[in-house]
Each structure stands twice: as structure tokens, then as C-alpha cells.
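# An overview of the molecular structure
What follows is each chain in one-letter form.
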Amino acid sequence: MTVNASPLHISYSPCPNDTFVFHAWAHGLVPGAPPVDVSFADIDITNGLAERGEGDILKVSYAVLPYVLDEYALLPCGGALGRGCGPLVLTRGAAAPEDLSGRTVAVPSVKSTAYLLFRLWAAARVPGGVGEVRVMPFHEIMPAVRDGRVDAGLVIHEARFTFQNYGLHRVADMGEFWEDTTGHAIPLGAIIAKRSLGEERLRAVTDAIRASVRHAWADPAASADYVLAHAQEMDPDVAKQHIALYVNEFTADLGDTGHAAVRELLARAAAEDLVPPTPPGAF
């Protein structure tokens, strides 16, 4: 890996999987890795940064890729893709999918993979579709559903482990829907980097991410304080569950299986006119 004196600007979420993955690199524990200037941001914000071409390295939704691939390259590591880790649709009382017809639903971003999966699911399961869609930071969605400010919420991340604490009910699991209908793993969050960095620096970034992941796996305790300092009111056990679910073999290397899942998601979404078509070879 080649060190460049000018730090690269990287933005990722404060969620445990991201802080776990990037801890070593962010703290100078990866020998020879390019220096980085880290900022934390919700996925809706990083998606917007990518669309405006701001930031060298970003954690974004896979759903935003068709809009940014001219300027950014998808990196084959560092992101979130897996099985049994899909977004959930929650309501205050028990409900069936058809009960969401015409209802107000809170979502973390209209360019999020979660929302893309939700739209594919709703087209198949909610007659006439839902009503108003409201964008909220993901940590505000469950309280909004609990308090009756919205009829349902599309939640991500640690909400899989904590939604019952809010007295909420699971209507559907977008991951189960995706896996049952396609057989593929669930693409959630991608790591992208500016193509203008050049091939050598992009390789150095990829190497740094993989080394940071290996460091985290080899010494999980090293990142514990960093993870919990940025996790939002999260129990340490929930943080560990979160990491175990979202940091997996695809985090180290998407491989053919991971890339196939991403291509399937974007192809299905494009077929429904939910995103622009992705040109062949764009990855």
C-alpha cells in the first residue's frame, strides 16, 4: 500500500458494523495505509454526498449506485451484504401487509436499499400501494411508529434486535422476501471511492479496508470502545449481535456471489423503473 500525504475523506455511519470495520484504518493501525479524515453521517446524507460528488470514500446504499457509478467505483469490500439481515416493516399493532394500503410509512432514505426492497415488496404484497412516505433518520423511526406519528416504519440496523422494546410488531422482513424470491444474499450498504483517485490509490484503499477488517476480526476487543462510543444508546450485547450479523465474508470480499446479488437487485429495480439501468461492466 502506498501512503499519500493528503488524507482521504471518508464518511460512514456510526453503526457498529461500520465502526468495527474501519476502526483499525481510522486509528492508524494498518501499516502503509493511506491516511484518512473520518466523518460520520446517516445513510441518507452519504447517499446525497455521493450524488453531489462530495467525499473520496463513502458508505452508501446499493440503491444509489446507478446514479453515481460514472464518478465512483464500487469497492469489493467493506460493505454490508448478507443473509437474514434484511430491513423490517414495523407497526404499533399487529397488521398484515394489505393493512398498509394508503398508509403513512417512515423510511430512512428514498435512495436506500431498504426502500428499494420495500418498493419491490409493496408492489407484490400491498394492494394499491402505501400512501405517504416520510424520510426520517433511522433512529427516529421506531419512536415515531410507537407514538402513532406514522402508521408503519421501515427499519434497518440494530432495530432487528430492539423493536420489541418499543412494543412494535413485525409485518414483514424485506430480507426474507428478497431471499425467498431470488435466492440471493441481501445487498444493503456499499463502499464506493472516487474513480479520479486513480487505479493505484483505489487498490491501496481496497487493501486498507481488507486489512482493517482482518485486524477487527483478529482483535475484536480493540475496537470495542470506538464502537460503543458511536453506537446510539446501544447495549454492548446488541452491538455484538449487530456486528456478527452484518460483518461477514462479503465484507472482506464481495466475490462473484456478492456481485451477482447486486446485479440482480439493480436489474429488478430497473425493470420496475425504480432506478436507471446499470450499464454492463459498470462494476
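We now turn to the structure provided with this report. (Residues numbered from 1 in each chain as written. Predicted model: local features only at pLDDT ≥ 70, side-chain atom pairs only at ≥ 80, totals over all residues. Heavy atoms only, no water.)

We now examine the sheet that holds strand E8 (residues 133–135). Spatially, the five strands line up as an open sheet ordered E8-E7-E9-E6-E10, and their pairing is mixed. In the strand order of this sheet, the two ends are held by E8 and strand E10 (169–173), each with one partner. When the angles between neighbouring strand axes are averaged without regard to direction, this sheet yields 25°. As judged from the three bridges shared by strand E7 (residues 105–107) and E8, these two strands associate in the parallel manner. (Pairing = 2+ DSSP bridges. Helix = DSSP H or I, 4+ residues; strand = E, 2+ residues; numbered from the N terminus. Axes fitted to C-alpha atoms, helices over the stretch in contact; angles between N-to-C directions.)

What follows deals with the packing of helix H4 (residues 113–125) against helix H7 (residues 174–182). The contact between H4 and H7 brings their axes to 10 Å, and the two run at 75°. As summarised for this structure, H4 and H7 are arranged roughly perpendicular, according to the angle between their axes. Of the residues in H7, those touching H4 at Leu-117, Phe-118, Leu-120, Trp-121, Ala-124 and Arg-125 are Met-174, Phe-177 and Trp-178. Residues of the contact of H4 with H7, tallied by class, amount to eight nonpolar, no polar and one charged. (Parallel < 35°, antiparallel > 145°, perpendicular 65-115°, else oblique. Contact = heavy atoms within 4.5 Å. Nonpolar A, V, L, I, M, F, W, Y, C, P; charged D, E, K, R; others polar.)

Going residue by residue along strand E9 (residues 152–155), you find Ala-152 and Leu-154 tucked away on one face and Gly-153 and Val-155 tucked away on the opposite face as well. Bridging between strand E6 (residues 88–91) and E9 involves four bridges; their strand directions are antiparallel. If you follow Thr-91 over to E9, its bridge partner there is Ala-152. Sheet topology places E7 next to E9; two bridges connect them, and they run parallel. Within E9, the position partnered with Ala-106 by the bridge is Gly-153. (Buried < 20%, exposed > 50% of the residue type's maximum accessible area, 1.4 Å probe, protein only.)

Let us look at the nonpolar core. Core analysis: the biggest nonpolar cluster contains 56 residues, and Tyr-62, Val-89 and Trp-121 have the highest contact counts within it. Looking at which element gives the most residues to this core, the answer is H4, with eight residues. Setting aside chain neighbours within four positions, we find Tyr-62 in contact with Leu-74, Ala-80, Leu-81, Thr-113, Pro-187, Leu-188, Gly-189, Ala-190, Leu-254, Val-262, Leu-265 and Leu-266. Counting residues in each nonpolar core, the second largest holds 32 residues, with Ile-10, Ala-33, Val-238 and Ile-243 among its members. (Core = buried A, V, L, I, M, F, W, Y, C linked by side-chain atoms within 4.5 Å.)

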